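A look at the structure
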Amino acid sequence: MADYHRPDSKTVQTLKDIANKLRIHSIESTNASNSGHPTSCCSMAEIMSVLFFHTMKYRVDDPRSPSNDRFVLSKGHAAPILYGAWAEAGLFPTSDLLNLRKIDSDLEGHPTPRLNFVDVATGSLGQGLSCAAGMAYTGKYWDKADYRVYCVIGDGESAEGSIWEALAFASNNKLDNLVAIFDVNRLGQSEATAFGHDVAVYQRRLESFGWKTHVVDGHCVESLCKALHEARTTEDKPTCIIAKTLKGKGINGIEDEDNWHGKPIGAKSAEALEVIKKNIINSGPHGIYPATPTMQVPHNDISNIRLSDSPNYEIGQKVATRAAYGTALAKIGKNSKHVVALDGDTKNSTFSLKFREAFPERFIECYIAEQNLVGVAMGCATRDRTVAFVSTFAAFLSRAYDQIRMGALSMTNVNFAGSHAGISIGEDGPSQMALEDLAMFRAVSGSTVFYPSDAVSTERAVELAANTKGICFIRTSRPNFPVLYKNDETFEVGKAKIVRQSNIDQVTIVASGVTMVEAVKAADQLAANGINVRLVDPFTIKPIDKQTLADCAKSTGGKVLTVEDHYPQGGIGEAVSAALSEEKDVVVKILAVTGLPRSGKADELLDKFGISARCIVDGVTGLIKL
């Protein structure tokens with residue numbers, strides 16, 4: 001550390017003053033809202049002061065500049081001090097802090113990207129470090145820039161397994177541009193944390209995960225400055241600063257006391273503020289401003305991403321939609337250097353392997369750690385640095401549902417491909433069968449849910465997802481399906497396809513994927529018996545094409561049959577029923593997987609659980625008799 005220069009006494013005192021001003025802002029803003037977490041803010045005041053006014057490089061007039069250092073507040077309940085730091089930096093008046101948690105203010109109880117200085121929503125604990133790791137990976141390996149990423153983590157939330165998934169990922173990928181700061185203030189929400197102030201436990205664990213560690217007094221400005229400087233000079237390892245702090249630091253009668261989590265100070269505020277103010281030497285403008293970034297990182301154009309080549313299949317050719325996903329991913333990767341792919345050690349099954357073979361430098365193997373996989377992708381996608389595609393078995397995405405939910409709050413544009421959906425995967429059995437995934441992704445705010453039925457529509461789904469804002473989910477399947485569509489067929493989000501129709505259709509069948517294959521078989525059998533049916537491929541389950549469904553229902557006497565390789569709850573049947581709920585004289589019969597599935601051959605399972613061609617024929621016959 002020969003080049004380290006200890007900040008002069010004036011700078012040190014100013015940083016202490018700023019820390020105490022941040023405490024005051026946190027107390028006053030939570031009092032004004034009569035809710036919030038001032039004690040959680042007070043423990044990290046010096047950390048925030050040193051980061052924002054001594055260490056980080058960023059432009060206040062352009063908080064989301066791609067050149068800026070990044071900051072993630074994983075302990076999102078400490079949002080008031082984050083808002084206070086930006087106000088002290090000059091982004092907005094400190095008087096605005098008193099609007100905390102008000103309906104007409106974007107200064108919400110936990111940070112969201114409604115604010116231009118927040119990249120990802122936090123508050124569901126344990127998720128921030130994965131997102132920070134994705135940002136750091138992007139900066140080091142793709143942007144090849146010098147911006148750094150800082151993430152403050154609460155000691156309580158460090159019990160979350162996703163934190164340790166992220167720690168392993170960061171060290172494995174040598175993210176020396178990433179700094180995690182553990183705010184070890186000893187107290188959780190309802191009682192003391194598992195390890196209290198035993199910082200040696202944290203240090204041993206973090207070092208075993210391959211991190212460079214520094215144990216510091218989290219209220220010592222000089223120690224924080226020194227540790228953060230050394231982090232900047234450490235190579236090939238991420239750095240963790242283990243800061244021993246006191247919850248409610250500076251508040252007499254509350255500091256390091258239990259039962260003050262998530263409570264404004266209230267009646268004790270006047271005394272607390274008086275004491276804190278006495279510790280401020282210079283109550284006027286602090287005169288310290290962040291350093292500007294040294295490298296200019298260009299903005300990325302991630303619009304109008306297209307397949308490099310049109311689909312190239314023959315009608316009737318049997319191709320698994322998961323294989324078509326891999327083909328399409330490689331095609332859009334060829335046309336845009338900003339497309340990246342991430343997988344959870346299933347790339348030879350999801351076929352994202354095709355992308356890795358074409359563009360190994362843009363592929364991230366996250367191994368079997370789905371929560372971190374999703375968080376890293378969210379970090380990669382921030383500030384439009386990449387167009388990220390995540391793939392694994394659809395069933396395993398349920399493990400990361402909270403990250404996906406928070407992704408919606410983060411306004412992320414991450415795209416998910418879930419393979420091996422439904423009982424049609426066969427012998428692997430129920431643990432591998434995604435039967436809840438449509439419901440899961442349909443419930444996510446602002447999501448788009450694709451369920452392609454052949455290779456052509458799968459390739460177009462990938463292309464559309466790359467250009468669609470918000471979370472997108474593409475459901476792919478294990479078996480090979482016959483190609484239904486010509487290579488030049490056009491597809492749109494929210495527009496269904498009519499696969500088969502006549503002027504004498506008696507029932508509309510809505511199906512996707514493997515059940516469309518079964519529906520075609522059923523239609524042929526019914527036609528042989530003089531019964532014509534209309535086949536509708538919804539293509540997107542959300543948004544669903546209400547108009548086409550309504551027109552088809554009216555043309556077939558109000559009789560609609562849905563069939564899906566999914567549980568009844570939240571799937572195609574419920575989506576169609578909701579779309580037709582205001583139509584008169586329409587009956588919707590739902591065929592879906594009921595009961596607990598088991599291992600077996602795909603055809604046996606489809607028939608046993610009521611979604612085979614035979615069951616569709618029986619369902620149509622029953623509807624006609626109504």
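These figures come from a predicted structure and were not determined experimentally.

Scoring rules and cut-offs
- Residues numbered from 1 in each chain as written.
- Predicted model: local features only at pLDDT ≥ 70, side-chain atom pairs only at ≥ 80, totals over all residues.
- Heavy atoms only, no water.
- Helix = DSSP H or I, 4+ residues; strand = E, 2+ residues; numbered from the N terminus.
- Rg over C-alpha atoms; globule rule 2.2 N^0.38 Å.
- Buried < 20%, exposed > 50% of the residue type's maximum accessible area, 1.4 Å probe, protein only.
- Areas by Shrake-Rupley, 256 points an atom, 1.4 Å probe, with all protein chains shown as cover.
- Lys, Arg positive; Asp, Glu negative; His and termini not counted.
- Charge placed at Lys NZ, Arg CZ, Asp CG, Glu CD.
- Pairing = 2+ DSSP bridges.
- Right-handed = clockwise from strand over helix to strand, strands pointing away.
- Core = buried A, V, L, I, M, F, W, Y, C linked by side-chain atoms within 4.5 Å.
- Contact = heavy atoms within 4.5 Å.
- Polar contact = N/O pair within 3.5 Å; in protein donor to acceptor, adjacent residues only side chain to side chain.

Considering the overall build of the protein
When you go through the protein residue by residue, the secondary structure sums to 21 helices and 19 strands. For the protein, the C-alpha radius of gyration of 28 Å lies close to 25 Å, the compact-globule estimate for 626 residues. Referenced to the eigenvectors of the C-alpha coordinate spread, the extents of the protein come out at roughly 90 × 50 × 40 Å. Counting all 626 residues of the protein, 61% fall into the buried class. In the form shown here, the protein has an accessible surface area of approximately 23,600 Å², with 47% of it arising from carbon and sulfur atoms. Placing the 67 positive and 73 negative side-chain charges of the protein at their respective mean positions leaves the two points 1 Å apart.

Examining the pairing of strand 15 (residues 507-511)
Burial runs high along strand 15: 5 of the 5 residues are buried. Burial along strand 15 is two-sided: Val-507, Ile-509 and Ala-511 and Thr-508 and Val-510, pointing in opposite directions, are all buried. One ladder, built from 4 bridges, connects strand 15 with strand 16 (residues 533-537); its direction is parallel. Bridged to Thr-508 within strand 16 is Arg-534. Regarding topology, helix 17 (residues 514-528) serves as the crossover connection from strand 15 to the parallel strand 16, and that connection is right-handed. Sheet topology places strand 15 next to strand 18 (residues 559-563); 4 bridges connect them, and they run parallel. Paired with Thr-508 across the strands is Val-560, a residue of strand 18.

Digging into the nonpolar core
Counting 75 residues, the largest nonpolar core has Leu-129, Leu-178, Leu-342 and Phe-416 as the members making the most contacts within it. Excluding residues that lie within four positions of it along the chain, Leu-129 makes contacts with Ser-74, Cys-151, Ile-153, Ile-163, Ala-166, Leu-167, Leu-178, Ala-180 and Trp-211. Listed in part, the 50 residues of the second largest apolar core include Val-60, Leu-73, Leu-115 and Phe-117.

Points about the side chain of Arg-475
Residue placement: Arg-475 occurs in strand 12 (residues 472-475). Its relative accessible area of 0% is what places Arg-475 among the buried residues. Of the polar contacts made by the side chain of Arg-475, one reaches the backbone oxygen of Ala-434; its length is 3.0 Å. There is a polar contact of 2.7 Å between the side chain of Arg-475 and the side chain of Asp-437.

All quantities given are derived from atomic positions and should not be read as evidence of function.
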